[in-house]
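What follows is each chain in one-letter form.
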Amino acid sequence: MKFLIRYLKLFAMICILSFICSPICFASSLDNVFVWSAEGDNITNSPDTIDNQNNNIETNASSISSDENIINTVETSGDVIESTNSLTIESGSGILIEQNSGKVLFEHNSHEQLRPASVTKVMTILLIMEAIDSGKITLEDSVPCSENASNMGGSQIWLDPKETLTVHEMLKAICVVSANDCTVAMAEYLAGSEEAFVEQMNSRASELGMNDTCFKNCHGLDEDGHLTSSFDISLMSRELLVNHPSITNYTTIWMDSLRDGKSELVNTNKLIRNYNGTTGLKTGSTSLALYNLSASATRDNLSLIAVIMKAPTTSIRFADSQKLLNYGFSNYIYKSFGNKGDTVKNINVSKGISTTVEGILENSSGVLLRKNDEQNVEQIINIPDITSAPIESGSILGKIEYKLNDEIIGSVNVVSKNSVKKIGFWTTTTHLLQNLFIRSK
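So, how was this worked out
Residues numbered from 1 in each chain as written. Predicted model: local features only at pLDDT ≥ 70, side-chain atom pairs only at ≥ 80, totals over all residues. Heavy atoms only, no water. Helix = DSSP H or I, 4+ residues; strand = E, 2+ residues; numbered from the N terminus. Buried < 20%, exposed > 50% of the residue type's maximum accessible area, 1.4 Å probe, protein only. Contact = heavy atoms within 4.5 Å. Areas by Shrake-Rupley, 256 points an atom, 1.4 Å probe, with all protein chains shown as cover. Polar contact = N/O pair within 3.5 Å; in protein donor to acceptor, adjacent residues only side chain to side chain. Pairing = 2+ DSSP bridges. Axes fitted to C-alpha atoms, helices over the stretch in contact; angles between N-to-C directions. Phe/Tyr/Trp six-rings, centres within 6.5 Å; stacked < 30°, edge-to-face > 60°. pLDDT = per-residue confidence, 0-100. Core = buried A, V, L, I, M, F, W, Y, C linked by side-chain atoms within 4.5 Å. Parallel < 35°, antiparallel > 145°, perpendicular 65-115°, else oblique. Left-handed = near helix turned anticlockwise from the far one by under 90°. Nonpolar A, V, L, I, M, F, W, Y, C, P; charged D, E, K, R; others polar.

S.K.: How do you make sense of the overall build of the protein chain when you look at a structure like this?
M.R.: A tally of helices and strands in the protein chain yields 11 helices and 21 strands. Across the 441 residues in the protein chain, those meeting the buried criterion constitute 41%. Within the protein chain, contacts between residues separated by at least 24 positions form 61% of all contacts whose residues are at least 6 apart in sequence. Entry remark: accessible area of the protein chain is about 23800 Å², with carbon and sulfur atoms responsible for 50%.

S.K.: Any chance you could explain the environment of Ser118 here in plain terms?
M.R.: By secondary structure assignment, the location of Ser118 is in the loop between strand E6 (104–108) and helix H2 (121–133). Take Ser118: its relative accessible area is 12%, and that puts it in the buried class. Separated by 102 residues in the primary sequence, Ser118 and Gly220 have C-alpha atoms spaced 4.5 Å apart. If we skip the residues at most four places from it in the chain, Ser118 touches Ser178, Asn180, His219, Gly220, Lys282, Thr283, Gly284 and Ser285. There is a polar contact of 2.7 Å between the side chain of Ser118 and the side chain of Lys121.

S.K.: Would you explain the sheet that holds strand E18 (residues 377–382) in this entry?
M.R.: Read from one edge of the open sheet, six strands run E18-E20-E21-E16-E15-E19, paired in mixed fashion. In this open sheet, the two edge strands, each paired with only one partner strand, are E18 and strand E19 (386–388). Direction aside, neighbouring strands of the sheet carry axes that sit 35° apart on average. Note that strand E15 (residues 343–350) and E19 share three bridges and pair parallel. Residue pairing across strands places Asn348 opposite Ile386, the latter belonging to E19.

S.K.: Explanation requested: the packing of aromatic side chains in the structure shown.
M.R.: For any pair of aromatic rings, geometry is given as the distance between the ring centres together with the angle between the planes. The final tally for this structure, using the stated rule, is two aromatic pairs. Taken together, a centroid distance of 6.2 Å and an interplanar angle of 75° make the contact between Tyr327 and Tyr332 edge-to-face. By the burial criterion, Tyr327 is buried, and Tyr332 matches it. When the ring of Phe337 is compared with that of Tyr402, the centres are 4.3 Å apart and the planes differ by 10°; the resulting orientation is stacked.

S.K.: Mind showing me how you'd approach the confidence of the model for the protein chain here?
M.R.: In regions of low pLDDT, the predicted coordinates are not meant to be interpreted in detail. This prediction gives the protein chain a mean pLDDT of 83; 77% of its residues lie at or above 70. Ignoring residues within four places in sequence, the model shows residues 15–78, a span with pLDDT below 50, making 46 contacts including any to other chains.

S.K.: Hey, could you run me through the nonpolar core in this one?
M.R.: Across soluble globular proteins, nonpolar side chains show a tendency to be buried alongside one another. Ranked by internal contacts, the top residues of the largest apolar core, which has 58 residues, are Met123, Ile157, Leu171, Met186 and Ile247. Elements with a minimum of two residues in this core: strand E5 (93–98), H2, helix H4 (167–177), helix H5 (180–191), helix H6 (194–207), helix H7 (230–243) and strand E13 (302–311). Membership of the second largest hydrophobic core comes to 24 residues, among which are Ile89, Leu271, Ala297 and Tyr327.

S.K.: Just checking my understanding: could you explain the packing of H4 against H5 for this structure?
M.R.: Running from N to C, H4 and H5 cross one another at 135°; their axes reach a closest spacing of 8 Å. The pairing of H4 with H5 is recorded here as oblique in orientation. Note that H4 runs across H5; the crossing there is left-handed. Counted together, Val167, Met170, Ala173 and Ile174 of H4 and Cys182, Thr183, Ala185 and Met186 of H5 form the full contact between these two elements. Of the residues in the contact of H4 with H5, the class split is seven nonpolar, one polar and no charged.

Shown next, in the form of structure tokens:
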């Protein structure tokens, strides 16, 4: 009898222990598939399988518990980038970058390959500006219109095959009203045919690292395989704005005309009129691509580029782009520390025909900062008090580094403004004779 009682007690203890431990074991066994909630009634798919637009995930490591006014962020190598669609844009894809550095401040499906529509023309405009700035063509050149160009359809200014416009007029029509006929005419003028020009577009895209892009035409009308991403659009937009800033003479036009006032032009980018600081850049829409926009703006020395793709309506396209730009201007500043060629220090030179050399900034210097971090930036100047000749013009003499919380966030080389020859018999004699000749005048 005693044996039976002991057996029943042991059996009861095992059952109780099994019942107590079972929830812990259950949560642990599903660790790779589900995130377990302490409340016991909320089990959600893991971050690898969840739709980030419609769900909130709470984990101990990867998310920050927040109220509606705090945005979750992901930190990468000390930099803060907004997590996927934390700004709740309604468009299929979007990205926000700082123009000078190219740093990504927000991204949502930024590498998804989508139809760009007329935002394609950012690359067309880039190649035109490169041809102008290299001296290959001028703004005054006359550009003919082929039958092919005049029959393009879509957005156009109704070019006539017997008509010619200047490069300046063509650019205006492309940038302001997205004229497909002018786009093709310029492509044929620069490369001989649209097909050859498209090859140049793809080659340039490859050089810029636009790995999500394949161009099939120069205008953006729907064509199978004609794809890019919001990330790639930000790359070519930045290249255009940074290296060819005069393009904003065209992309900021709200209303203008051609043909002695007979053809009225009104910009398709409504931000030009409605958003303070807008500098461009290009709209695009088709029935398949929906509504796209590469928008650029500058305020208080901070330049931003926001790209929106696959917006369901044109109003959402502009609203989402403004949301991204507003986020950037509200949270970041661009702090400039000096311009290219600014003098940093006069450095003593030994064994040279001159006793000093002027050290100047190799490039313009500045960093992107979160607001309120400006006072915490430390500038460290690494330049010797003395250097030896010979010194070539443009030789690196030292470096300036910028630190925030012990992390290097930027740097710029200090280079020699002029050359200094090493002292010697012939150089000394020549130098003395030159000085005597100058004084005798």
